[in-house]
Amino acid sequence: MNNIVAIVGRPNVGKSTLFNRLIQRREAIVDSVSGVTRDRNYGKSEWNGKEFSVIDTGGYVRGSDDVFEGEIRKQVELAIDEADVIIFVVDVEEGITPMDDVVARLLRKVTKPVLLAVNKVDNAMREKDAIEFYNLGLGEYYTFASISGSGTGDLLDALINAFPVKPEPVQEEVVLPRFAVVGRPNAGKSSFINALIGKERFMVTDIAGTTRDAIDTKFDRFGFEFNLVDTAGIRRKAKVKEDLEFYSVMRSVRAIEHADICILVIDATRGFEGQDQSIFWLAEKNRKGVVILVNKWDLVEKDTMSTRDYEEKIREELMPFTDVPILFVSALTKQRLLKALEATVKVYESRQQRIPTSKFNEFMLKVIEAYPPPATKGKYVKIKYCMQLPSPTPQFVFFANLPQYVKEPYKRYLENKIRENWDFSGVPIDIYIREK
């Protein structure tokens, strides 16, 4: 369970620059996929072997100067409620402003760790000027320059030390699989769950973002018991105007992180838009199983080719991870809903499957022999042994004499061969090459 860090402060102090710097530490690894939108307000970072989620509250303040104070108060209160640690960013060039005082008054009342981060400190004179921020009453401060990165190491060391110690999960407790129903607002997520359980458990309206929280419902189907989680709709940062909707985004992020399978509901009348794609990659980046449901299919004018064309367009957007179940449903007419649930259970079971090492070697070594890794600099790569790792998500390791010469295209080839022989539809796979 990842810690969540919220970056708060008044506008134009460098929150988003710090956020981008934190994200870039892992972006080359986890976001090197085409189509991941860059305007999101959520990301993952890692420091000293500890992974955590970062939420940037920058860009949410709306209105004139008269209402700034009220808007900032709402955003900071929401961040305090959901985050484990808060980074409060201030600007050494402008010193303490009335808006900084407003945020500081709120933060002095909380019991969660608060790190006061003084931005734009890039020389000795500004280091002296930063002493002023002791007046905010938040204790020790950390100076840094978000543009150059100077001082961020000390800030991150303090951040890691501030994370609360989380108790180990109780082994005796039976933890049911969690299926999170995710998607942008008004795609029909709550209607989908209501249609499944046969009662109006969740409030459904035509207003986007009616659901404000993630709600669990126990469900038993096909002799399989699990939790269905209805999440609030996720929107692009530019669209998040209400404080409650911002809260919904934070809760949805957490729901995706803690789910086993994400059921991504999209609106057939609007198509597979950029934000749907962002949610998909958010689930994939967290190594969750994914099922895509094209809802409101009864409202679309169809010809004999429309289903195939629609599906092909979605798969083009999902490149290179195209092995995902896509079903066309209608929550209103209950068309193919049980089939959708059956597909979700199947993806969960595929994610749990373990391939015996002997069978895995027997198949994959023949595949490798038929098409070995390309030679690099006159050196030939030999893979003699492979196995599935004992991890919660499907991970496979191949032992080679020169692992550094095995490139991404060959890893994708190995992944495709695994998918051809074993059913991992909707499940992200990790391939590792290690020295034997």
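Residues numbered from 1 in each chain as written. Predicted model: local features only at pLDDT ≥ 70, side-chain atom pairs only at ≥ 80, totals over all residues. Heavy atoms only, no water.

## Remarks on unusual backbone geometry
So, step 1. In this structure, P320 follows M319 across a cis peptide bond, with omega equal to 0 degrees.
So, step 2. For P320, the location among the structural elements is in the loop between α9 (306-317) and β12 (326-328).
So, step 3. Its identity as a non-glycine residue notwithstanding, N48 has a phi of 50 degrees, on the positive side.
So, step 4. Checked against the element boundaries, N48 lands in the loop between β2 (42-47) and β3 (50-56).
So, step 5. In this structure, K296 is a non-glycine residue whose phi angle is positive, near 65 degrees.
So, step 6. Of note, K296 is situated in the loop between β11 (289-295) and α9. (Helix = DSSP H or I, 4+ residues; strand = E, 2+ residues; numbered from the N terminus.)

## Regarding the side chain of Q395
So, step 1. Within the fold, Q395 resides in strand β14 (residues 395-400).
So, step 2. A distance of 3.5 Å separates a polar atom in the side chain of Q395 from a polar atom in the side chain of D430.
So, step 3. Within the structure, the side chain of Q395 is placed 3.5 Å from the side chain of Y432, a separation counted as a polar contact.
So, step 4. The residues contacting Q395, other than those within four sequence positions of it, are M387, Q388, L389, D430 and Y432. (Polar contact = N/O pair within 3.5 Å; in protein donor to acceptor, adjacent residues only side chain to side chain. Contact = heavy atoms within 4.5 Å.)

## What to know about the packing of aromatic side chains
So, step 1. Enumeration according to the criterion identifies 17 aromatic pairs in this entry.
So, step 2. Seen from their ring centres, F280 and W281 are 5.1 Å apart, and the 80 degrees between their planes marks the pair as edge-to-face. W281 shares its class with F280; the two are buried.
So, step 3. Geometrically, the ring pair formed by F280 and F321 is tilted, given 5.8 Å between the ring centres and 35 degrees between the ring planes. (Phe/Tyr/Trp six-rings, centres within 6.5 Å; stacked < 30°, edge-to-face > 60°. Buried < 20%, exposed > 50% of the residue type's maximum accessible area, 1.4 Å probe, protein only.)

## Points about the nonpolar core
So, step 1. Counting residues in each nonpolar core, the largest one holds 49 residues, and the members touching the most others are F179, F192, F360, F396, F398, L414 and I418.
So, step 2. Among the elements that make up this core, the one with the highest residue count is helix α10 (residues 337-352) (7 residues).
So, step 3. Setting aside residues up to four positions removed in sequence, L414 forms contacts with M364, I368, F398, I431 and I433.
So, step 4. Judged by nonpolar contacts, the second largest core, of 28 residues, contains I256, W281, L282 and L318. (Core = buried A, V, L, I, M, F, W, Y, C linked by side-chain atoms within 4.5 Å.)

## Side note on the sheet that holds strand β15 (residues 430-435)
So, step 1. Strand order in the open sheet made by the 3 strands is β13-β14-β15, with mixed pairing throughout. Each edge of the open sheet is held by one strand with a lone partner, namely β13 (383-388) and β15. Within the sheet, the average angular offset between the axes of one strand and its neighbour, ignoring direction, is 20 degrees.
So, step 2. In the sheet, β14 pairs with β15 via 6 bridges, with the strands oriented parallel. Bridge pairing in β15 links V397 to Y432.
So, step 3. Contacting β13, β14 and β15, helix α12 (residues 408-421) runs over the sheet at an angle of about 120 degrees to β15. (Pairing = 2+ DSSP bridges. Axes fitted to C-alpha atoms, helices over the stretch in contact; angles between N-to-C directions.)

## Comments concerning the pattern of salt bridges
So, step 1. Inspection of the entire model under this criterion finds 13 salt bridges.
So, step 2. Across the pair K417 and E420 runs a salt bridge whose closest N-O atoms are separated by 3.5 Å. Taken together, the positions of K417 and E420, both in helix α12 and 3 residues apart, correspond to about one turn of that helix.
So, step 3. Within the structure, one salt-bridge network assembled from shared partners comprises E93, D122 and R126. (Salt bridge = Lys/Arg side-chain N within 4 Å of Asp/Glu carboxyl O.)

## A look at the pairing of β14
Within a regular strand, side chains alternate between the sheet's two faces.
So, step 1. In terms of residue burial, β14 counts as a mostly covered element, since 5 of its 6 residues are buried.
So, step 2. Two elements, β13 and β14, share 5 bridges in a ladder whose sense is antiparallel. Within β14, the residue paired with M387 across the bridge is V397.
So, step 3. In this structure, the hairpin formed by β13 and β14 is closed by a connection of 6 residues.

## Re the packing of helix α11 (residues 357-370) against α12
Pairs of packed helices are described in terms of their axes, by the angle between the two and the distance that separates them.
So, step 1. Where α11 meets α12, the axes come as close as 11 Å, and the angle between the chain directions of the two elements is 135 degrees. Taken together, the axis directions place α11 and α12 in an arrangement best described as oblique. In the packing of α11 onto α12, the handedness of the crossing is right-handed. The residues of α12 that touch α11, namely those facing F360, F363, M364, V367 and I368, are Y410, Y413, L414, K417, I418 and N421.
So, step 2. Class assignment of the residues belonging to the contact of α11 with α12 gives a composition of 9 nonpolar, 1 polar and 1 charged. (Parallel < 35°, antiparallel > 145°, perpendicular 65-115°, else oblique. Left-handed = near helix turned anticlockwise from the far one by under 90°. Nonpolar A, V, L, I, M, F, W, Y, C, P; charged D, E, K, R; others polar.)

Taken by themselves, the reported measurements are silent on function.
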